[in-house]
Structures are given as structure tokens and as C-alpha cells.
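Notes for the structure review
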Amino acid sequence: MSALAYALTALGGLGAAGLGLAGWLGHAWSVELLWLVPLAGLALRMDPLAGFFLFLVGATSVPASIYAIGYMRGARRGLGAYAVFLLGMAVVPLAANVPTFLIAWELMALASYALVLHDREDAAAVRAAWIYAVMTHAGLACLLAGMLLMFAWTGSLVFADWRAASATLDAPARNVVFVLLALGFASKAGMIPLHVWLPAAHPAAPSHVSALMSGVMIKLGVMGLLRAGMEWLGVGPPWWGVALLLAGALSALAGVLYAAVEGDLKRLLAFSSIDNVGIILIAAGAGMVFHAAGLETLAVFALAAGLYHTVNHAAFKALLFLGAGAVARGAGTRDLEAMGGLIKRMPWTAAAFLVGALAIAALPPLNGFVSEWLTFQALLQNGLIPRPELNLVFVLALAGLALTGGLAVACFVRAFGIAFLALPRSEGATNAHEAGPAMRAGMGLLVIACVGLALLPTVLLPRLGAAAARLLGDPAPALRHDLLTIAVSGDFATLSMPVVAGALTLGLALLPLLLRLARAPRAVRWSETWGCGRLLQTARMEYTAIAFASPLRRIFDFLYRAEKRLEVEAHPESRFFVRRMAYRNAPRALAEEWLYAPLLIALRAGADRVRAIQSGSANLYLIYVLAALLVLLVLA
Amino acid sequence: MFRQLGIALRAGIVTEAAVTPASPALDDVGPRLQTEIRRLFGRSLHIRQVDAGSCNGCELEIGGLAGPHYDVERFGIRFVASPRHADCLLVTGPVTLNMAEALRRTWDATPAPKLVIAAGDCGRDGGIFQGSYAVVGGVAAVVPVDAVIPGCPPSPAALLAGLLAALGRR
Amino acid sequence: MTESGVGGPLVAAIAQALLVALAAPLLVGLVRTVKARLVGRRGPDPRQPYADLVKLLRKDPVVSTTTSWVFRFTPFVLVACMLVASTVVPVLVTRPALSFAGGIVLLMYLFMLGTFFLALAGLDSGSAFGGMGSSREVAVAALAEPTVMLAVFALALRTGTTNLGGVAERLGGEPAMAAHPGHLLAFLAFFIVMLAETGRLPVDNPATHLELTMIHEAMILEYSGPYLALIEWANAMKLFLFMTLLINLFVPWWIPAEAAGAGLFLGLLALAGKLVVLASALAVLETAMAKLRLFRVPELLAGSFALALLSVASVVLLK
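As the structure is a computational prediction, the values presented were derived from the model and not from experiment. (Residues numbered from 1 in each chain as written. Chains lettered and ligands numbered in written order. Predicted model: local features only at pLDDT ≥ 70, side-chain atom pairs only at ≥ 80, totals over all residues.)

**A closer look at helix α10 (residues 238-261) of chain A**
Relative to the 34 Å expected for 24 residues at 1.5 Å per residue, α10(A) spans 35 Å between its end C-alpha atoms, a close match to the ideal helical length. Where burial is concerned, most of α10(A) is hidden: 22 out of the 24 residues are buried. (Helix = DSSP H or I, 4+ residues; strand = E, 2+ residues; numbered from the N terminus. Expected span 1.5 Å × (residues − 1). Buried ≥ 20, exposed ≤ 12 C-beta atoms within 10 Å, placed from the backbone.)

Right, here's the structure in full:
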């Protein structure tokens, strides 16, 4: 029964992907049902960017739904919420006016809230859902305020009218609207420091939902940022783009640094989503700055790079979350310290996870490399903007992006190596079992997507450029490319993924041949791991996840500010006989401590003050209402 | 930094051309030391040194091999950090009971074809520890030995000559 | 690339990969010999690494029962990465066969691909040493790779291309371009990081026997026979490529554009000469310097990262 339902959602996803693809390639249409929704009616409008994001929603939900057939094992709970979640995500990119958008946005948020709360017994999940609900509604409040201000100033609830109308607005008004909308969308996208809900909520949801939340839902925040910053408000001042660029670089760095020391596999992936959204925001911010500087071709190129990373991240992050779910099911744990050796018990999952890890670490010849390469090139074009302070911002972003790439490798070597290699560290890992056929099929589809996205940049990039160009209200400036190679700014840089992949494959194929020619022995003798002659090889000899991250912890101590605590309980007779030792060294969450804790304390203090006027007597409240009415009348 | 380099440059090359040990270089060469091995290791021999309960006298002398005077590296002989990288185990000491299993495992960890050379009188037959309750007595009691370099301790010159003789280069 | 057909570039690519593959062990041997001479030893023949490799190829591999296919696959990935990398770097000519494939970003990420697998292999054996080596290697690489990229970006922004051969060609044509603070800063950053990336002193000691001080060596303690030969070979190629990149980017003179006739011969001579000088410099440095304490290494690398950042900033600001 539930299998059938998930199969149906997969079919629905396929349909949405097809519809999205058609729209992305230029098949525009619109639907209006004025009677359905108050104020302005339900209105949907397809344009290339909406098509792209609808395609993203649909295409990612297909493997996720197939995976869910095996993962949920017939459990019915969460099915309805899942369907509503998908529906909400599919409608958000199409929404053409404020009411439609807000309803779809809220449906998406509420359904995902229910899914985060899937395991009601788990205190951590309940807390995660609570944080998620608060943050997402704080974001919604910002969006609502921004959109209503736009309505008040332009007199229209239809997004399409805003671009023309916003040209008549004065600069402060546009800045206020942009800040409000950007805060709302950035909190959905998981930009630091609005990310606090993300590492809590993503791991709590079932894995196919985490895959969609990380792979697609947060990207709708990015879509909102793009629309708000470039379409709805027209051409903005450069600082909008600069703000996004710097926030993106910060998110990318901090995200990957937190991911690199995280011990819970799904939380690690969630932090890495913050990192990847940061990379997308770097590209988007660069696009906005280029747009503000009047360099349309470069703006399109940067935005296309960002969109490329958006679809890439959807593919490999969904793959990794599905892999993590298979591990959680197969080995019964999400804790890296309890895993190990899973590659022998779960060979298919391990291979799929390895592909995802290589892709997300931006290693050639997989897809993450392509979009990171494009983003680098987009940033390197900054010399054409004749303003030194802007150039400096680009240089900082360049450094941040480069550092992120190196750290992502460290992070995913650790994630894959500790979880899948060497000896199992727990009972659960020893008896782990491979994922079923449906789950493997879901992961397999995403592996194919990762490879396909890597080999076909020459096909994809012009299409992404076209979608981005429409956003700027321009006809598409061309990106030069032939069948194999992409060229940036003439000969500034060229990339040919098929050649790279071909050369690597050729090298790999030739080497065994070479060894054969050299008459190297082919038989392998199996023996125990060399341990300086000691007697046993056990999992206790292995490097742990925490030890693996230790060099990074030392280097980046200024960020982690780890709380180090050593407790020694000695024998009462002599302090040299230790009974128990506990060592704690956990990185602190700075955003929570420095931003949210003071905020909450202030909020609570404010609420205490306000309590003075809350007596609970109905008469008093009537007087308040009357007073408010009088004040309003006087003001009017 | 430059002072040190200057001293080294002024001193020139101090490696001694010929090594003439006082005693015969190689005691008993086992039957396994065949031409095939000599052909393979003739120009490159990587050694893992195993201390199987030695008094460290032999280690001191082995340490001398790497220095400028004896410069074992000029013959393509190097000491390596893992038996997996090694072609030859250079074992010292009378093999204490506690080290017997470790030595066996080290031998097992070394990829074939491989050599075992016992260095020093202890390695040959237990030396002055012969008959002690704490030693197995001689490397050959634990792993097959191909060659023995005698001496208590064998001088670096003797060790070098022994190694070269085992490789068939002298 | 499309105009000249596929045959020509393919031959050129294979020729250059072969050159790097065959010459790399000699460079390693040369550094060792010079180092030996500097401390008064006669030292090994510079051709010693070839003998070592041939011997390793003939030995039976021993593989730990703890490991998976990743461990046995890694040496092949490593060598394949270096072979592809050697067709991207301008070695003999400024227009190597795959120069169009992705430039400096591709090159760095190819090295990272190798590091990724090698670090996995270190973990795969399940020994504490392997994990320790992997953990240190990725931490060092995470700081080193971005530095190289930034340093080359500084040159790329001045020459108008991230294509490595293009940078060398442009700088070789106009030596006056080298007179720029960004250039000097980039050179310093690149040089420091080259030492870290190729596992040389003062970051890592290639001749150490003490596991606790190892970085690179600790990861490969488990390898033997042909697998070890492949890894040592890849390592030699990495050193060769880094040193070639350094000299061809910062001393880009007498490099012919195309592989033809007398120019090629001159180029070969120039490359050999420059490599000998750099190898000797490396040997002097390694002889005169002690290894840094492991947790001082990040400070060195952070310093070189800052230098690279400054060099890009100076290029952008001092136009």
C-alpha cells in the first residue's frame, strides 16, 4: 500500500520533472484561478527559471520516492506529509503572485515540519522540529513583511509587475525590501548565521526526506534570493551582491569546517549543505555584482555556475543522504565512531557513497568539479569591474572558495574512510546488512545523475545560461563552447570534462597492462595488518573519527573554541590510582552562543516587562482595544 | 645553517673506499641464498632491522652504517620503516621469549622473495645468553636464516662486508 | 584542438606523459645524491630509484586482510592522476596536449583526487599509523592546495589566462612582467607549499623511520611489491611536476611553444638545467633545515596561504 503510494509520488515527480524541463527549455505558460484563493487568486506562471527549479524538485523526488519504497518498509506514517511536501515544493517556483507563493511556501514548511517530527519519541527530533518551526516562521515573517511592503508601495500582488514598478521606488525603500526578503530566503537556504535549524532538522527527518530538504528545499531559498535580488527589485546596488558574496564565502568555510569535525553522519551532511549553499551564494552574489556593474555576459555566466552547482548539489547530496540512511538502517547507527568496515557488508551502498563523496569534494571527473571550476572562473573575471574595493571582495571569496575545496576533501575522506573502511567498530556495524533493491535503485539513479552532470557541461551550461539570462530580462548572451570544451572569456580558461574523464580512464586501463608487461606478480598474499609485531588486530587499533579531525581542530581552534574538560576520579587512598576518567572536547556552536542566546534572553526579559499589563481581566483588554482604536483614529 | 654547510663542503667526501673487516665477513651462508635473489637484490636492498632482545650494541654499530664513513646507501642499501617495504630482515639479539612471536609476524609481513640475516653472536646462537630461560636462542630457532654476520658486536665494516657478501657483490 | 585532429595531440600527450614518467625517478635520485654529497657521503647513484622500482615490481605483494578493494585500487588511481596531470603541465613545450582540459584548477584537483584515495588507503588498513598519516595528510593538503591555486591565480590574472602553458608563454615573452610584488609573493607561497605537497623537509621527512613523525610515509606503510612501486613512482612524478611547474611558471625562459626540431632540443636542455639547479637547491635546503614540529606546520602553511592571498590582492589592486 505505502509502496504503491511512493511509486505514485515517483511518477508524479517524473511528470513534474518533464513539465519543468519543458518550461526550462522555453515552453512558457500561465494558469490563473481567481476564485480559489482570496486577495489575488491562485496564479501559476512558467518561465525558464521556474522550469529549472520545478525540474530539480521533480527529478530529485524520483530517486527519493523509489528509495522510500524500501526505506519506509510499508510504514504509512508520513506519507501524506511527504506528498504535501512535494506538492508545496513543486508549486513554489511556479507561484506568480504573493498569496499563491506564501501558501505553497507554508505548505512546504509545515509538511517538512511534520516529517522532521517523524520520530515523536526522540527528544532530539522534537527539539529539532521546534527550532525548525521557529526559524522557518521567523523567516516567513520577514518574507511577509517584505512582500506586503512591496504591495503597499507598488499596489500589486503579482510578481511580474514588480520589476517595472520597483524602478520608481527610492533606494532606501528597495534596500528595506531587499533586506527583509533576503533574510527570509537566506534562512530557508541555511546561510550562516541563519542556519541553526538545518543541522538539527535534516538529520531528524527520514533519509529520503533529508535528501529532498537538503537537495531541493533549501535551493528554493536560493531561488527566492535570485528572484528578489534581480527580478522583483530590478538592478540593485552592488552591495546586495557583495553581501551575498561574503555571506556565501563565510557559509562555505564555516559549513565545511563544522562538517569536518562532526561525528554524526547525517549532521555532517547537513553542515556540508551549508557549505554548498555558500558556494552557490558565492556564484549568485558574483552574478549580482556583475549585473550591478553592467557586465551582463559575466552575470549570466556566474549565475549559470551557481545554478550548475545547485543541480549538482541536489544530485550528490541526495545521494549521500540516501547512503547515510542505508547505513543508519543497515548498521543501526548514525555515529561515525560506531561504524567501520561497512564496505564489506554493504558494497553497493559503499560504492554509491564513494561516488557521492568524490563528487561533493569537487574531484574530477565528477560533477562537483565542473561547477566549482565554473565558480572559480566567474570569480576570476572580476578584473573587468574597475572598482578596487569590489575586486578585493572577489579575492576574498576566491580564497574562501579555494580553502573550502581543500577542506571538503578532508571532510569526506573522514566521512567515507571512517564509516566504510577497515574493521567494524561496533556490534551493529559487524552485522550490518546491505540495503534492499528499491533503496539501491534510488541511489543508483543518483550515481548516474552525478556522472551525467559531469560529462555534459557543454549541453547544460547554455541552457542554464538561458534560464539565468531571462532572470535579468535580457536575451541570452552566448557562452562559447564546442562539443567537448567550454571556453571562458576567449582563452582565459577552458574545460573539457569528457577529455579529462577519458584520459583518466585510459590511464587506469593502461596501468594493469603495464604491470603485466613488467611481469609483476599478480597473485596477492593476504596477511594481517602490520602492527609492529603486536598480537591482535582489532578495531580499537584504528584511528577514530575524533582523532582524524584533530589536526583540523588544532588549526582552526579560533572557530571551534572547543570546550576542553578533563575529569579524573581518583581512589580515595591515592590520587595515582584512577578510577574513572572523562575527557570532553566538543566544538561550540558560536552562532547559538553569540547571537541566539543573547537574543532569546532579551526576548524573555521583554516578555517579562510586558507581563505587567496582562492581568487576564476581560474589561481591561476591552479598554486596551478601545485605546488602540482611538490612537489609530487620531493618527489617521 | 651556512656554517654547517661550509664545514661539510670543506671536509669533502669522507666515505672510505674499501672496507676490510678483521674477521671473516659471513659465517654460514644458507642454501636459500641463490643467484636469483642476488640478481634481484644486487642493486637494491631494503632492510628492516628487528631488535629481538638485543643489548643494543649491534644497533649502535648498525647505526654507523648510515654515516659518512661507511655510507651503506651508495650500494643501494637502505633501511626502511616497514617490513612490507623490506627485502631483508636484519635481526639482532638472542630472541627473547617475548620477541619470538613479534619476529615471526615481522617475517610473515615481509613480501617474498626475502632474506633474513642474523647479526651478532646473539643472533647466531644466543651468544652469552645461550641457555637462559628467557631466550629462544638464535634467530634461526624462529625464522629461517639465510646468513649470519658474527661478532659481539660486529663492527660496521664487518656488517657492510657481510651484507655485500650476502648479495654476492664481494 | 579540433582543427588539428585528434591524432597529433594524442601522440604529444603520450610523449609528454612518458617523459615525465621516465624522468621523475631520476630527479628523486638526483636530490638524494646531492644530499649525500652535502654531508660528506659518496651517496647512491642518481639512477638508484630505477633499480628500486624494478625490484619492487618483481616482488610478491602482501595485502592486509583488513583492507578492501579501495586499498588495491588506490595505487592505480594515483599513477593515473599523475599521468593525466603530466599532460596538463607545460613541461617541455608551453602548449602541452591537454592544456585546454582545465588549467590550474584541474591540475590541483587531480592532485587532490590522488590525495583523497591515498588517505582512504591509509585508513583502510585499520592500523593506527595509517589513520594518523591520512589525518595529517588531508589537513596539510587542505591548506596547501588552495595556496598553490591562489599563487597561480595571481599569475593568471596578470597574464589573462588560467591555462598554465599560456601563463608560461606570456611571461616568457615579456620578462618585464615578472617585476611585480605579486609575482614575488606568489613565488614564495608556491615554493613553501611545494615542499609541503611533495612531502619534503621541513614539513615531512621522506627518509624518516619514526612512525610518529610521519605524514606521507605513514599512509603507505602497508603497501608492498608492485603496489608500492606504483605509489613511489606516482610520488616521484608529483615532485617532478611540482618542480617543473615552479620553474616553468616563474622562470619561463627558453621553453618552445611546439614540439619541433631544434627548439625542442633547446627546451629539453633548458628544462634539465633548471631542474638540476632547483633539485640542488632543494637538497641544500633539506640538509640545512630541521623538520618542523608537526603542529608548527600549520603556521607555516597558513603563512604561505596569507602570502598567496596578498599576491592575488596586490595583482588586483596594483594594476
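**Re the interface of chain A and chain C**
Residue-level contacts link 71 residues of chain A with 72 residues of chain C. For the side of chain A that touches chain C, the secondary structure elements donating two or more residues are α13 (342-345), α15 (367-380), α16 (388-420), β4 (493-495), α20 (497-517), β5 (525-527), α21 (545-548) and α22 (550-555) of chain A. Split by residue class, the side of chain A that touches chain C holds 50 nonpolar, 14 polar and seven charged. Bridging between β5(A) and strand β1 (residues 62-64) of chain C involves three bridges; their strand directions are parallel. Across the sheet, A:S527 pairs through a bridge with C:S64, a residue of β1(C). (Contact = placed C-beta atoms within 7 Å. Nonpolar A, V, L, I, M, F, W, Y, C, P; charged D, E, K, R; others polar. Pairing = 2+ DSSP bridges.)

**What about the sheet that holds strand β4 (residues 115-119) of chain B?**
All names here are of chain B. Taken together, five strands build an open sheet; the order of strands is β2-β1-β3-β4-β5 and the sheet is parallel. At either end of the open sheet lies a strand with only one pairing partner, and these are β2 (77-79) and β5 (147-149). Averaged over all pairs of adjacent strands, the angle between strand axes in this sheet comes to 30°, irrespective of strand direction. The pairing of β4 with β5 spans three bridges and is classified as parallel. Bridge pairing links I117 to A147 in β5. Across the sheet, helix α6 (residues 156-166) lies against β2, β4 and β5, angled at about 165° from β5, the strand it touches most. (Axes fitted to C-alpha atoms, helices over the stretch in contact; angles between N-to-C directions.)

**Regarding the nonpolar core**
If you look at the biggest cluster of nonpolar residues, it comprises 366 residues, and the most contacted ones within it are A:C450 and C:V312. Looking at which element gives the most residues to this core, the answer is helix α12 (residues 296-331) of chain A, with 24 residues. Not counting the four nearest positions on each side in its chain, C:V312 is found in contact with A:V395, A:L398, C:L150, C:F153, C:A154 and C:L157. Core analysis: the next-biggest nonpolar cluster, separate from the first, contains 48 residues, B:F79, B:V116, B:A147 and B:A166 among them. (Core = buried A, V, L, I, M, F, W, Y, C linked by C-beta atoms within 7 Å.)

**A look at the interface of chain C and chain B**
Tallying the contact residues gives 30 residues for chain C and 27 residues for chain B. Looking at the side of chain C that touches chain B, the elements with two or more residues in it are α1 (7-38), α2 (48-58), α9 (225-250) and α10 (261-288) of chain C. The biggest single contributor to the side of chain C that touches chain B is α2(C), with five residues. Here the residues of the side of chain C that touches chain B sort into 12 nonpolar, seven polar and 11 charged.

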